[in-house]
Amino acid sequence: MPAPARPERCRFAPTTSGPAHPGTLLAALLCWLDARSRGAELILRLEDIDPERCTPAHADAICAALEWLGIDWDERVVQSTRAAAHTGALRRLAADGRLYACTCTRAEIRRARLPAVDGGWRYPGTCRARGIGADELDDCDAALRLRLPDGEIEARDESGLDLERDPLRALGDPLLRRRDGTVSYALAVVVDDAIDGITRIVRGRDLAHTTAGQIALQRLLDLPTPAYRHHLLLLEPRGGKLAKLHGSVAWEQLREVYGPAELCGWLASAAGLQRAPDPIRPAGLLSGFGWDQVRRTDARVRWSDGRLELG
Ligand SMILES: [Zn+2]
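Residues numbered from 1 in each chain as written. Predicted model: local features only at pLDDT ≥ 70, side-chain atom pairs only at ≥ 80, totals over all residues. Heavy atoms only, no water.

Chemist: It is not clear to me how the packing of aromatic side chains should be interpreted in this structure. Could you clarify?
Modeler: To describe a pair of aromatic rings, one takes the distance between the centres and the angle between the planes. Enumeration according to the criterion identifies three aromatic pairs in this entry. Considering the side-chain rings of Trp 68 and Trp 251, the 5.8 Å spacing of their centres and the 65° angle between planes classify their relative orientation as edge-to-face. Taken together, the residues Trp 68 in helix H2 (residues 56–69) and Trp 251 in helix H8 (residues 251–257) connect sequence positions 183 residues apart. Classification of Trp 68 as buried rests on a relative accessible area of 19%. We classify Trp 251 as buried; its relative accessible area is 4%. Positioned over the ring face of Tyr 123 is Arg 145, at 3.7 Å from the centre of the ring. Sitting over the ring of Trp 251, Arg 255 keeps its end group 4.3 Å from the ring centre. (Phe/Tyr/Trp six-rings, centres within 6.5 Å; stacked < 30°, edge-to-face > 60°. Helix = DSSP H or I, 4+ residues; strand = E, 2+ residues; numbered from the N terminus. Buried < 20%, exposed > 50% of the residue type's maximum accessible area, 1.4 Å probe, protein only. Lys NZ or Arg CZ within 6 Å of the ring centre and 35° of its normal.)

Take a look at the structure:
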């Protein structure tokens, strides 16, 4: 008898640098609906590798918010416990001649005036000749960058979203280890997805431009490439990303006004999954869920008189 097919594995991977806000909860809901409607396993990965911004208290609060909303997961992993694997990947890249030491300041990168697709400045490649071997990694106190291969990456998104295909031209060589020795998101996410056996990545469109770079890194490390799907974002009325930095309302505040079914119903209507914001639990949305029902354009959200409002 053939071995039973292994289930797909999806992940929801919030950064634990602040409380959950409506955008976090919508992303979690869509990720959960995608995974559960396909019979996939769902991994909750708490991305906490930025020691200055991430705290265990935020991680606990995000988990509490997800449970409150009615979202469950099969495994919970904490990114900062993966340091050995992250270092192993750096060693491999260094041994393959792919890492170099970079001492450029932000001001120096800005002065090169190469616009990046994320609205910042692209790294101009100044330090590319300063290759670092695997045996030099421990003693190197400069930041480390990846020398990306030239050329386009065939990056596909299930929703048909047009992805940037040339990571070098889009963002420049990514930083993989900072001067303080912490690894970057760009490296950790690729290594962790492989360790967790992730086969599907569902995430907000704000990360779509990183896909080609992640695929390039997966190839350099001989890691499999998952399927990608990017979904709508909740935006501020003026179009900026709804983020905690811009005064977006946190879950602690939301739950004073909304019950879990009410908030889930509101999120479902914002995503196009139901016409009116009628109260419903995530499990109630499962049977009819399909990505063809999910709104493709971003939704603008206001916090008005203590309620969330669209438009
Ligand atoms: Zn440099």
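Chemist: I keep staring at the coordination of the zinc ion and nothing clicks. Help me out?
Modeler: Each pair of donors in an ideal four-coordinate tetrahedral metal site encloses 109.5 degrees, whereas pairs in an ideal six-coordinate octahedral site enclose 90 or 180 degrees. Looking at the zinc ion, the protein donor atoms are Cys 102 (SG), Cys 104 (SG), Tyr 123 (OH) and Cys 127 (SG), and they sit 2.1 to 2.3 Å from it. Sequence spacing of the donors to the zinc ion: C-x1-C-x18-Y-x3-C. Note on Cys 102: relative accessible area 3%, which makes it buried. (Donors = N, O, S within 2.8 Å, 3.2 Å for Na, K, Ca; no water.)

Chemist: What's the story with the sheet that holds strand S9 (residues 234–235) in this structure? I'm lost.
Modeler: With mixed pairing, three strands are arranged side by side in an open sheet as S9-S10-S11. Across the chains shown, the open sheet's two edge strands, defined by having one partner strand only, are S9 and strand S11 (307–310). Note: strand S10 (residues 299–304) against S11, four bridges, orientation antiparallel. Bridging across to S11, Trp 303 finds its partner in Leu 308. Sitting on the sheet, helix H9 (residues 260–270) is in contact with S9, S10 and S11, with an inclination near 15° to S11. (Pairing = 2+ DSSP bridges. Contact = heavy atoms within 4.5 Å. Axes fitted to C-alpha atoms, helices over the stretch in contact; angles between N-to-C directions.)

Chemist: Please explain the sheet that holds strand S4 (residues 99–102) as it appears in this structure.
Modeler: In a beta sheet, neighbouring strands are held together by backbone hydrogen bonds and run either parallel or antiparallel to one another. Read from one edge to the other, the open sheet built from three strands follows the order S4-S5-S6, with strand pairing classed as antiparallel. The sheet is open, and its two edges are formed by S4 and strand S6 (175–177), each paired on a single side. In this sheet, neighbouring strand axes are inclined to one another by 45° on average, regardless of whether the strands run parallel or antiparallel. By the bridge criterion, four bridges tie S4 to strand S5 (residues 143–146) in an arrangement that is antiparallel. If you follow Ala 101 over to S5, its bridge partner there is Leu 144.

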